[in-house]
Amino acid sequence: MNSLTPLSIDGICRVEFGPGRIDRLPALIAATGHTRAFVVTDRGLRAAGVAERVLKTLDSAGIEYAVYDEVAPNPSTGNVDAGAARARAFGPAAVVALGGGSVLDAAKGIALLVGNPDAVAADADHLWDGADGLPLVAIPTTSGTGAETNGFGVIEDAAAHRKVYIGHPSVRPQVALLDPELTLGLPAAATAATGIDALVHGIESLASRGANPFSVAYATQAVTLVSRALPAAYRDGSDLDARAELMMGAHLAGQALTLSGLGLVHGIGHALTAHTGTPHGVALAAVLEEVMEFSAPAARDAYEQAGRAMRLDPPADGDWARATVAAVRETSGALDIKRPLRELGADRPMLSSVAAGAVADAVTKNAPQIPDTAEVLEILERTY
């Protein structure tokens, strides 16, 4: 874009950031106009004790609540429908989304369906014009998706083998409660997978066709924070400073992508996850550098911005794109996250379907260099 391009920027939600901030949850629920809470989470967080810490905060404040803890790692339309049925039965409440991106995405769908009782999650395309959903307080327990910054969720339509976008302005979280203490128990592999997602958000936001001065500002700072903090948090999960820096970086990356949109890495990642069930961040890492190399002719300035944000030394040959791709490859290597597609459950006959799904995905149309199916298939063959 140029400096004369018109912009309309809708500011995001209230942000509460810092260790111990979870204690403010009762007051934040009250600020939504509700006195009861419908908590959406997953069984892993219940087993790890993270959910119990949050529920004790509600107990201490005398807040009535119900819990839906059956969100799957790749939530489906059925998952969302089941949660919405439970929420309707519980009655008027603020929805408290506690978890990673899957939980936050599912919670948005649940909150929206409560306000549209005749709809189901498979009606996602029509719900954008539907009635308002319940207000939502988002408490991320990973540092990656930035899902607390926007009003849409990505869920799986298992019958169609595709990801669908479910959302509405009313279910953009009213509050993002960012407490890095809630991420201290996150295993190294999950830290890597969610953190690489945040890094991709920053890089794709810089390179996307929708980039603008606001998104570039958020994305640049996000890349700086995530590229520095992610390796440290991966090496030592108890490093609260690294966890806090990574959480803030992931949140800023979420703000960036909400304004700019994403690109081909996510287009392929969505399709790969829909076909194989691969965790989102792992799917992104499988093709990240290869997509960057494909996009480089149209994204050289953006990749220079990314490289400078990563504090790279200026390359002797002036090729910032090459240097930035190399630095991203080094980061992926340090996180031990990149896997060939054949190890992720993909077989060769599947690749053409993955390629077609990636090209059809809305985010791919925002890429700096829009590919055709043959070009995506070539990327998949290289990473197979």
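Thresholds, definitions, all that
- Residues numbered from 1 in each chain as written.
- Predicted model: local features only at pLDDT ≥ 70, side-chain atom pairs only at ≥ 80, totals over all residues.
- Heavy atoms only, no water.
- Pairing = 2+ DSSP bridges.
- Helix = DSSP H or I, 4+ residues; strand = E, 2+ residues; numbered from the N terminus.
- 1 Å grid on protein atoms, 1.4 Å probe; cavity = no way out; pocket = protein on both sides within 12 Å on 5 of 7 lines; lining within 4 Å.
- Points joined across faces, edges and corners; volume = space filled by probe spheres on them.
- Core = buried A, V, L, I, M, F, W, Y, C linked by side-chain atoms within 4.5 Å.
- Buried < 20%, exposed > 50% of the residue type's maximum accessible area, 1.4 Å probe, protein only.
- Contact = heavy atoms within 4.5 Å.
- Axes fitted to C-alpha atoms, helices over the stretch in contact; angles between N-to-C directions.
- Parallel < 35°, antiparallel > 145°, perpendicular 65-115°, else oblique.
- Left-handed = near helix turned anticlockwise from the far one by under 90°.
- Nonpolar A, V, L, I, M, F, W, Y, C, P; charged D, E, K, R; others polar.
- Salt bridge = Lys/Arg side-chain N within 4 Å of Asp/Glu carboxyl O.

Q: Got a minute to help me understand the pairing of strand S7 (residues 162-167) in this structure?
A: Strand residues, when the strand is regular, have side chains that alternate between the two faces of the sheet. Two strands pair when backbone bridges link them, and strand S6 (residues 152-157) and S7 are joined in this way by six bridges, in the antiparallel orientation. Residue pairing in the sheet places phenylalanine 152 in a bridge with glycine 167 of S7. Where S6 hands over to S7, the hairpin turn is made up of four residues, of which histidine 161 adopts a positive phi near 55°.

Q: Would you mind showing me how to read empty space enclosed by the protein here?
A: Any space left empty among the atoms is revealed by the rolling of a water-sized probe across them. In total, this model carries two cavities of 30 Å³ or more according to the counting rule given. Volume-wise, the largest cavity comes out at about 90 Å³. Lining of the largest cavity is provided by 13 residues; of these, Glu204, Val265, Val291, Ser295 and Tyr303 occupy positions nearest its centre. For the lining of the largest cavity, the secondary structure elements donating two or more residues are helix H7 (188-207), helix H10 (264-276) and helix H11 (280-309). The biggest single contributor to the lining of the largest cavity is H11, with five residues.

Q: I'm lost on the nonpolar core in this one. Help?
A: Here is a general trend for soluble globular proteins: nonpolar side chains tend to be buried in one another's company. Residues Ile268, Leu341 and Leu380 are the most contacted members of the largest nonpolar core, which totals 63 residues. Mapped onto this core, the elements with two or more residues apiece are H7, helix H8 (213-235), helix H9 (240-260), H10, H11, helix H12 (320-335), helix H13 (348-360) and helix H14 (373-383). The element best represented in this core is H11, accounting for 16 residues. Look past the residues within four positions of leucine 380 in its chain and what remains in contact with it is Ile268, Val287, Leu341, Leu351, Val354 and Ala355. Ranked by size, the runner-up nonpolar core spans 33 residues in total, among them Val40, Ala66, Leu104 and Ile166.

Q: Please explain the sheet that holds strand S8 (residues 175-178) as it appears in this structure.
A: Within a sheet, each strand pairs with its neighbour through backbone hydrogen bonds, oriented either parallel or antiparallel. Spatial ordering of the open sheet is given by S1-S8-S5-S4-S2-S3, a layout of six strands whose pairing is parallel. In the strand order of this sheet, the two ends are held by strand S1 (14-17) and strand S3 (64-68), each with one partner. Recorded for the sheet is a direction-independent mean angle of 20° between the axes of neighbouring strands. Helix H4 (residues 77-90) contacts strand S2 (36-40) and S3 of the sheet and is inclined by roughly 160° relative to S3. Sitting on the sheet, H9 touches S1, strand S5 (136-140) and S8, and the angle it makes with S1 is about 170°.

Q: Sorry, what's going on with the packing of H7 against H8 here?
A: Geometrically, a packed helix pair is captured by the angle between its two axes and the distance between the axes. For the pair H7 and H8, the least separation of the axes is 8 Å and the interaxial angle reads 155°. The angle between H7 and H8 falls in the class roughly antiparallel. Regarding H7 and H8, the two cross each other, and that crossing is left-handed. Along its contact with H7, which presents Ala188, Thr191, Ala192, Gly195, Ile196, Ala198, Leu199, Gly202, Ile203, Ser205 and Leu206, the element H8 presents Ser215, Val216, Ala219, Thr220, Val223, Val226, Ser227, Leu230, Ala233 and Tyr234. Considering only residue class, the contact of H7 with H8 consists of 14 nonpolar, seven polar and no charged.

Q: Help me understand the pairing of S2 in this model?
A: Counted residue by residue, S2 has five buried out of five residues, so it is predominantly covered. The alternating pattern of S2 places Arg36, Phe38 and Val40 on one face and Ala37 and Val39 on the opposite face, and all of these are buried. Pairing of S2 with strand S4 (residues 94-99), which is carried by four bridges, proceeds in the parallel orientation. When the sheet's bridge partners are listed, valine 39 is paired in S4 with valine 96.

Q: It is not clear to me how the pattern of salt bridges should be interpreted in this structure. Could you clarify?
A: All told, the structure shown has 19 salt bridges when counted by the stated rule. Between glutamate 16 and arginine 14 there is a salt bridge, with the nearest N and O atoms lying 2.7 Å from each other. A relative accessible area of 42% means that arginine 14 is categorised as partly exposed. Here arginine 339 ties to aspartate 336 by a salt bridge, and the two come within 3.5 Å at their closest N and O atoms. The exposure class assigned to arginine 339 is partly exposed, which follows from its relative accessible area of 27%. Taken together, the salt bridges that share partners define one network made up of Arg14, Glu16, Arg21 and Arg24.

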